[in-house]
Each structure stands twice: as C-alpha cells, then as structure tokens.
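A look at the structure
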Amino acid sequence: MSTSVRSFISRVVREIRTSKGAARIDLFGRFGLLISALASSGIIVLIFTFLWYESAPIMASPEGGIGIIFNTTWDPNRDLYGIAIFIVGSFMCTMLAIGIAVPLGIAGALHLSEFCPHRLRGTIRMIIEMMAAIPSIVYGLWAYLVIVPWIKNDLGPLFGVESSGLSLLAGGLILAIMLLPTIVTVSDDALRSVPRTLREASLALGATSTETAKKVVMGAAMPGIGAAIVLSLGRAVGETMAVLMVTGNSLQIPYSLFDPAYVMTSIITNQLGYAFVFPLWRSALFSVALVLLLMSVSFTIMAKLFIRWGMKTRGLR
Amino acid sequence: MSEKGGSLETAREKKDDILFRFVDYAKTTSQKLARYLRRQTRSRRTFSDFLLKIALATAVVIIAAPFFMVILQVVSVGIPEVFGTGHGQGLEFFGTFPGPGLLGGIRNAIAGTILLMIVAASVGIPLSVLGAVYITEYAKPGRVTSAVEFAADVLAGIPSIVFGAFGFAFIVDFLHLGMGLIAGGFTLAFMMLPTVLRTTQEALKQVPMTLREASLALGATKWATTWNVTIRAAFPGIVTGVLLAVGRVMGETAPLIFTAGNTLGVPTSVTGGGSWVASLPYTIWAYITDPREYLQVKAHGAALVLILMVLVVDLIANIIMRKVTRRVV
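Residues numbered from 1 in each chain as written. Chains lettered and ligands numbered in written order. Predicted model: local features only at pLDDT ≥ 70, side-chain atom pairs only at ≥ 80, totals over all residues.

1. Details of the overall build of chain A
Helix and strand counts for chain A stand at twelve helices and two strands. What you see in chain A, going N to C, is helices and strands ordered as α-α-β-β-α-α-α-α-α-α-α-α-α-α. Expected size for 317 residues packed as a compact globule is a radius of gyration near 20 Å; at 25 Å, chain A overshoots this value by more than 25%. With respect to the three principal axes, the spread of C-alpha positions in chain A is 80 × 70 × 30 Å. Expressed as a percentage of contacts within chain A between residues at least 6 apart in sequence, the contacts between residues at least 24 apart total 71%. (Helix = DSSP H or I, 4+ residues; strand = E, 2+ residues; numbered from the N terminus. Rg over C-alpha atoms; globule rule 2.2 N^0.38 Å. Contact = placed C-beta atoms within 7 Å.)

2. Section: the overall build of chain B
Along its length, chain B carries twelve helices and zero strands. Put simply, chain B runs from its N terminus to its C terminus through helices and strands in the order α-α-α-α-α-α-α-α-α-α-α-α. Here the C-alpha atoms of chain B give a radius of gyration of 29 Å, more than 25% beyond the 20 Å that 2.2 N^0.38 yields for 329 residues. In terms of principal-axis extent, the alpha carbons of chain B reach across some 95 × 65 × 50 Å. Summarising the internal contacts of chain B: among those between residues at least 6 apart in sequence, 71% fall at separations of at least 24.

3. Concerning the domain arrangement of chain B
Residues and elements named next belong to chain B. Partitioning chain B into structural domains gives domain 1 (3–81) and domain 2 (91–328). Contacts between the two partners involve five residues from domain 1 and, on the opposite side, eight residues from domain 2. Grouping the amino acids of the side of domain 1 that touches domain 2 by side-chain chemistry returns three nonpolar, one polar and one charged. (Domains from an automatic or database assignment. Nonpolar A, V, L, I, M, F, W, Y, C, P; charged D, E, K, R; others polar.)

4. Focus: the packing of helix 12 (residues 279–314) of chain A against helix 5 (residues 143–157) of chain B
Orientation of helix 12 of chain A relative to helix 5 of chain B, taken along the N-to-C sense of each, is 125°, at an axis distance of 8 Å. Judged by the angle between their axes, helix 12 of chain A and helix 5 of chain B are oblique. By crossing handedness, the relation of helix 12 of chain A to helix 5 of chain B is classed as right-handed. Of the residues in helix 5 of chain B, those in contact with A:S296, A:V297, A:F299, A:T300 and A:K304 of helix 12 of chain A are B:D153, B:V154 and B:G157. Residues belonging to the contact of helix 12 of chain A with helix 5 of chain B are distributed by class as follows: three nonpolar, three polar and two charged. (Axes fitted to C-alpha atoms, helices over the stretch in contact; angles between N-to-C directions. Parallel < 35°, antiparallel > 145°, perpendicular 65-115°, else oblique. Left-handed = near helix turned anticlockwise from the far one by under 90°.)

5. Observations concerning the environment of B:V239
All names here are of chain B. For V239, the position within the fold is in helix 9 (residues 222–250). V239 gets classed as partly exposed once you count the C-beta atoms within 10 Å, which come to 19. When the C-alpha atoms of V239 and M321 are compared, they prove to be 8.9 Å apart, with 82 residues separating the residues in sequence. (Buried ≥ 20, exposed ≤ 12 C-beta atoms within 10 Å, placed from the backbone.)

6. Side note on the packing of helix 2 (residues 22–60) of chain A against helix 12 of chain A
Residues and elements named next belong to chain A. Running from N to C, helix 2 and helix 12 point in directions that differ by 135°, and their axes come no closer than 7 Å. The angle between the axes of helix 2 and helix 12 places the two elements in the oblique class. Between helix 2 and helix 12 lies a crossing whose hand is left-handed. Contacts between helix 2 and helix 12 pair I47, F48, L51, W52, E54, S55, P57, I58 and M59 from the former with P279, L280, S283, A284, F286, S287, A289, L290 and L293 from the latter. Residue composition of the contact of helix 2 with helix 12, grouped by class: 14 nonpolar, three polar and one charged.

7. Points about the interface of chain A and chain B
Between chain A and chain B, the contact holds 71 residues from the first and 69 residues from the second. The dominant element in the side of chain A that touches chain B, judged by the number of residues it contributes, is helix 2 of chain A, at 21 residues. Per-class residue counts for the side of chain A that touches chain B are 47 nonpolar, 20 polar and four charged.

8. Observations regarding the confidence of the model for chain B
Considering every residue of chain B, the mean pLDDT works out to 87; 96% of them sit at 70 or more. Both confidence scores are given for the complex: pTM 0.87, ipTM 0.89. (pLDDT = per-residue confidence, 0-100.)

9. Considering unusual backbone geometry
All names here are of chain A. The backbone phi angle of D79 is positive, close to 60°, even though this residue is not glycine. Position of D79 relative to the elements: it lies in the loop between strand 1 (74–75) and strand 2 (80–81). The partly exposed category is assigned to D79, around which 14 C-beta atoms lie within 10 Å. If you check the backbone angles, N249 has positive phi at about 50° while not being a glycine. In this fold, N249 is placed in the loop between helix 10 (241–246) and helix 11 (264–275). For N249, a count of 18 C-beta atoms within 10 Å gives the class partly exposed.

10. Description of the environment of A:L155
All names here are of chain A. Checked against the element boundaries, L155 lands in helix 5 (residues 136–158). When the 18 C-beta atoms within 10 Å are taken as the criterion, L155 is described as partly exposed. Taking the C-alpha atoms as reference, L155 lies 8.9 Å from G165; in sequence the two are ten residues apart.

11. Some points on helix 3 (residues 84–115) of chain A
Residues and elements named next belong to chain A. Taking 1.5 Å per residue as the helical rise, helix 3 with its 32 residues ought to reach 46 Å, and the 45 Å between its terminal C-alpha atoms agrees with that figure. The sharpest bend along helix 3 reaches about 25° and sits at A101, with the proline P103 one to four residues further on. Within helix 3, 24 of the 32 residues are buried, which leaves the element mostly enclosed by the surrounding structure. (Expected span 1.5 Å × (residues − 1). Bend = angle between axes of the 7 residues up to and from the residue.)

12. Regarding the environment of A:G310
Mapping A:G310 onto the fold places it in helix 12. In sequence terms A:G310 and A:R119 are 191 residues apart; their C-alpha atoms lie 30 Å from each other.

Okay, structure coming up:
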C-alpha cells in the first residue's frame, strides 16, 4: 500500500516537473477538479463527524447514554434529556401526513399519467411543480392563519373537542400538502415510464382502463412509487418551519389528533439558540440532529434500493 | 302592421328561436349525457371504472386546491403592502428599513436574501460544478463516481435544520467565524451542492461524445476540450441546475436561524457582529409569530415578494431548460 502510494506520488511529482505549457495546465486542472469533487462529497463526512462530536458528551455522561432515545421526559433543568417524546411526535406527525398524502398522491399521479387530457396535463404538472417551489415558511404562514383557526373553530366543535387548533392534526395536514408535489411528480414519472405495450396487452384482454391502471401499470411502476413514498418520508421527518408553527410545541405525547405535539426538528429550532452554553443540553439537541441525520440517510438508501429493485425486476430507467 | 310591430314580431321570433335553440341544445346534451351514463352503468365493471375515474380526477383537484388557497391568502393580504401608498407600503416597502416599531419596509430582508444568495452561489457553484465535471469527464466510472453520486444523494435528503445545526457547530462555533453573512452563506452553499452537482452531471452526460472526440482529434488537451467544448455545450443545462438550486435555498429558514442572525439594517462588515444579516424567510417567520397585527400583514407582503422571487427564478430555469431540450431533441 505505502509503496504504491509512494510510487504514485513520485509519478505525480515527475509529471509536474516534466510537463510544460498545456500539459501542465491539464494536470493542474485535473487536480483542481479532483479536489472540488472530494470537497463536495466530503461535506457529508464533515456533517456526520461534527454531529457525532457534538452529541458525544450526552452519550458519555451518566445523565444520558444511549437510553435517552427511549426516555420520554425532557426537562433540562433537572438534567433529564429523554428525546423519545420528540421521536414519537415526529413519528405520529409523519405517519398522519403519509397516510393522507400517499393515497391521494398516487391517485392524482394515476389520473395524470393515465386519464388526463394531454393539454390539461401540462398545466396541472406546472401547478404541482410550483407547489413544490413554494417555500415551507409560506406554507407555515398559511397553515398558521387558516388551518389552525379552522381546526379551532370548526373541526374541534364538530367533534366536541376543545382545542387551540395548534395540534398534531394541523401539522399532519400541512405536511401532507407539502409532500404531495414530491409524491405526485415522482410517481407520475414512474407510471409514465411503464411501456405502452403493457397497457395495450391488458386492454386487449378485455380489462377496463382503470383495471389496467390499477393492476398492470401500478404493478409495473411499484418500485418508482415506493421510492416516491420513501423520499417523501424523509422530507416529512425533516420538515421544520411549517410544522414548528402549527403543532403547538408542548412537551407531551399526543393521544388524540387535537393534542399538541413536539417534533424533533422543532425542539432543535426552539432551544438551540439558548441551550448552546449548557454542554449537556446542547449535546442532547445535537443528538436529536444526529438521529434526524441517520434517519434521512437510511431513507435515501431505501429509496436507492427501491430503484435498484425496479431496475432488476422491471428494467425501468 | 306598422314597422314597429314588425320589429316586435321579429324580435319575438328571434327570442323564440334562441329559446328553441337552447331547448334543443339542452335536449341533445341531456340525451348525450343520458346515453353516456347508460353506457357507463351498463355493467358493474364499467360503472366502477367510471366511478374510479371520477375519484381520481377529484384527487387531482384536492391536490391542487391548497396551491390556490395559499396564493389567494398571500396575494389578497399582501397586495396592499406591495402596491399600496401608505407608510411602509408600495415602493417604501422595498426601499426602507423597518425602523422604529418595524413600521417601515423590508429592505433589510430583501438585501440580506440577495447577499446570502451571492455568497452561497459563489461558494457552492464552483465546488459542485467542478466536482461534477471531474466525475463525468475525468474519473473512470467506478468507486469515485459512485461515491460522489451517493454523497450528493444523501446530502439532498438531509433535513434543513440539520444543516443549520451543522453550520452552527462547524462554522459559527468550531471555526470561530460567528454568526453572520459568511456562516449563513456557506450553510446555504452546502445545501445547494447536491442539486447543482446532479443537474450538471446530467447536462454533461447529454453532450454528444463526437464533440469531445472532434476536439481531441484536433490536438486539444483534455483540459482544453473540457473547458472550451464540453462545458460550453452543457452550459444552459448547468445554468438551469444552478437556478433551481438558488430557488430552492432562497426560501430556506431553518439553516439561517443559527447561522445568519438577524438585523434591521444591512451588514456592515464581513465578520463579527456587524455581519449579521436578515433574510426574507426569517423576516416572515419573525413577523408572523409577532402578536402585532400589522406585522402579520407585513409578513404576507414579504411572503408575496419571496414567492415572486422564487417563481421568477424557477421560471427562467424552466425557459432555459425547454429551449435546451428543444435544441437537443
């Protein structure tokens, strides 16, 4: 290993010495490019290292340890750093959003790819892509001023619940709205890449067009749809501003849709600003960020596995 | 009969004619509809087919509805701020600083967002474009390429608040740069990396091999070929990717909370306390969570400005992309 490295270095040095003019520019340009390639992928290593380094104190201290992931009491004043409450809050909020957005999004994607008139299709795609471009803070503003009062004044009394409107339900709804563009566009692309012949074969066998769409096209596009769902899961867990503004941020595990919740991204946003002078408190917040990072990485890997599965079994993409 | 009566007569006839035509039209359409419905309800299968199609179309309507509701809310409340003539409205909304009581405009936020974008773009674009050039033009397909691609994909999935926490831990705290323009801009630059890298890579892949071969055959070095031929051919695609990334990070709030700080003026220095910088998303957040009513209205105005900026950037990106695909196909 060391001899090969040494020979490589000596070769490089020789090349730098002997090359002239254009060849030298070529060589230096090559190294410049290599460095920027390494730097842009090195950021991820840097992020992981720093979150690990920052969350080490709480993991090593007697107050913390790995057990904080299962502990539900968060009270930094008494040195209790259970982050499970935020993990549960995030999980419930995400599941609610996914439960709303996935069926709706796949239905919309099916309509767009199979039944929508060609001219309307472009317009709807454009609207949905614009939805993806709207910043999350604007969704948060709208949810805070429209959805929250609606839950407080209309939906709560309808179910006989006294609620401030700042609730798990509000978070789930706005998250679902924000996830829909991702799910629709990715599933639509997957559905459209299904070969025409499959549809024709199914229709020729006498299936109706929705039977074809449901059983044949969706079956063929399943890996793409799976990737869409996993990608949107990642976005849902990591969404910050909109959820922060509408979930109420109270330290409790929500037992009904109208209860407030506290999610992982919110606790970091709310408390890092003044917790950074307290080593353990700060470290606990960074451990929440580390959990978020690990989750998002595993979602990305899962989406990649879905795509690979699709390539292997269906030859898509 | 007099002329008058005649005109009345013709008017009545005309009216009858219109009425008749309408009745006729209604009849044929209802017949058509009835025939259509009969055909759809001919059997259980065709009927369920019909119902499902309607349900799918409804889903699209439900999906698109929030877009219009959001835009309606922001526009209806924000328009007076952006086009009104009162204090801190209209041109003053763009041209003045918030001032006492935050009654003025949002010049600090607009200037701050533009400054942050300049810093982020000047750090993020070279790094990611050159990185993409390396993995598509120089590296042999294999470990390095797939490692960089994987890193970019992972980076794209990382939550924005994690970038914020990282920026705080690394740039603000570890490097002792403090909050401000540099820390905020670099954090946004990291968020731009994956988008620009992947779109540049796609754009470079679409450049035909023959162009490179022609250049190399003329005796150009690899570097000269890449710089003068390949990048030039892929340039519109690269610009599209850059604009998409800029549009995406322009609306980010979470990464800026712990890295950029906030100010009611413009940054006066590059480092230290004077470099704290405001941004549109942060201002919207601060205003909307403020109990004062008029600040909530101002937040709508700021949101309208932000949406317009993001959509214009995206629109330019789309136009360039469409032109390019037309040329290539």
